[in-house]
Amino acid sequence: GDLQFGPVDHLMLQAGATDGDSDAGSGIATNPLRSVGVRTWYGQANWERSFSADSGFYLQFYYYRYELIDQYVATLPVDIGGAPRAIDGGSTVDRADLEFQQTFGAGEDLRWIWGASVRSDRAEVPLLFPGTRDLLVQRLFARAEWSPSERILVNAGAMFEDNDITGSDLAPQLGLNFRATPN
């Protein structure tokens, strides 16, 4: 739901879940017919504070969980053992994300934006890898928007990202937008 606290604060809360089963398998010994469960949950909270049309900030937290439940017994071919074997074809994925962004108006034609985020992902997929795999992503960005006229907007900024897979990266940005018509 959306909640307004006074003239400058706005809080948005969302949550949801799904729970369902579906048929899977082809009916052969290594892939028997079975029921597979899918469950998801999410929650999000976003707080915005607006000081003016060009100045304010927001803070957001988001969480998501996905579960695939697929446990069954398969009979392996004779050349690799031929015995029934318990299979866990399920998976679980969790994501938590925290973001902050602040905007400053600096006159009629200049605006500054900066922000940061941290995201944590965790996956468990028994058929692909033992245990869990984690990924941590951290970002910091800043950008300036300058509008020398009603039809021209110049953007310049950069984003720094550090994550567990590729390490640290800096991505500069420069853009020029031209509005062909006044409106």
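Note: the structure precedes this text.
Computed from a predicted structure; not experimentally measured. (Residues numbered from 1 in each chain as written. Predicted model: local features only at pLDDT ≥ 70, side-chain atom pairs only at ≥ 80, totals over all residues. Heavy atoms only, no water.)

Peer 1: Quick one: what's the story with the pairing of strand β7 (residues 91–105), residue by residue and with numbers?
Peer 2: Of the strand pairs in this sheet, strand β4 (residues 55–69) and β7 are connected by 13 bridges, and their pairing is antiparallel. Across the sheet, residue Tyr63 finds its bridge partner in β7, namely Ala96. Relative to strand β8 (residues 110–124), β7 is paired through 14 bridges, and the arrangement is antiparallel. Bridge pairing in β8 places Phe104 opposite Trp112. The antiparallel pairing of β7 with β8 creates a hairpin that spans 4 residues between the two strands, and Gly107 there sits at a positive phi of about 100°. (Pairing = 2+ DSSP bridges. Helix = DSSP H or I, 4+ residues; strand = E, 2+ residues; numbered from the N terminus.)

Peer 1: Before we move on, could you go through a nonpolar patch on the surface and cite the residues and values that matter?
Peer 2: A contiguous nonpolar surface patch, about 450 Å² in accessible area, is contributed by Trp47, Leu59, Phe61, Leu98, Val118 and Leu136. When you line up the elements, Leu59 lands in strand β4. In this structure Leu59 comes out as partly exposed when scored by relative accessible area, which is 34%. (Patch = residues over 30% accessible without salt bridge, like charges linked within 9 Å, V, L, I, M, F, W, Y side chains within 5 Å. Areas by Shrake-Rupley, 256 points an atom, 1.4 Å probe, with all protein chains shown as cover. Salt bridge = Lys/Arg side-chain N within 4 Å of Asp/Glu carboxyl O. Buried < 20%, exposed > 50% of the residue type's maximum accessible area, 1.4 Å probe, protein only.)

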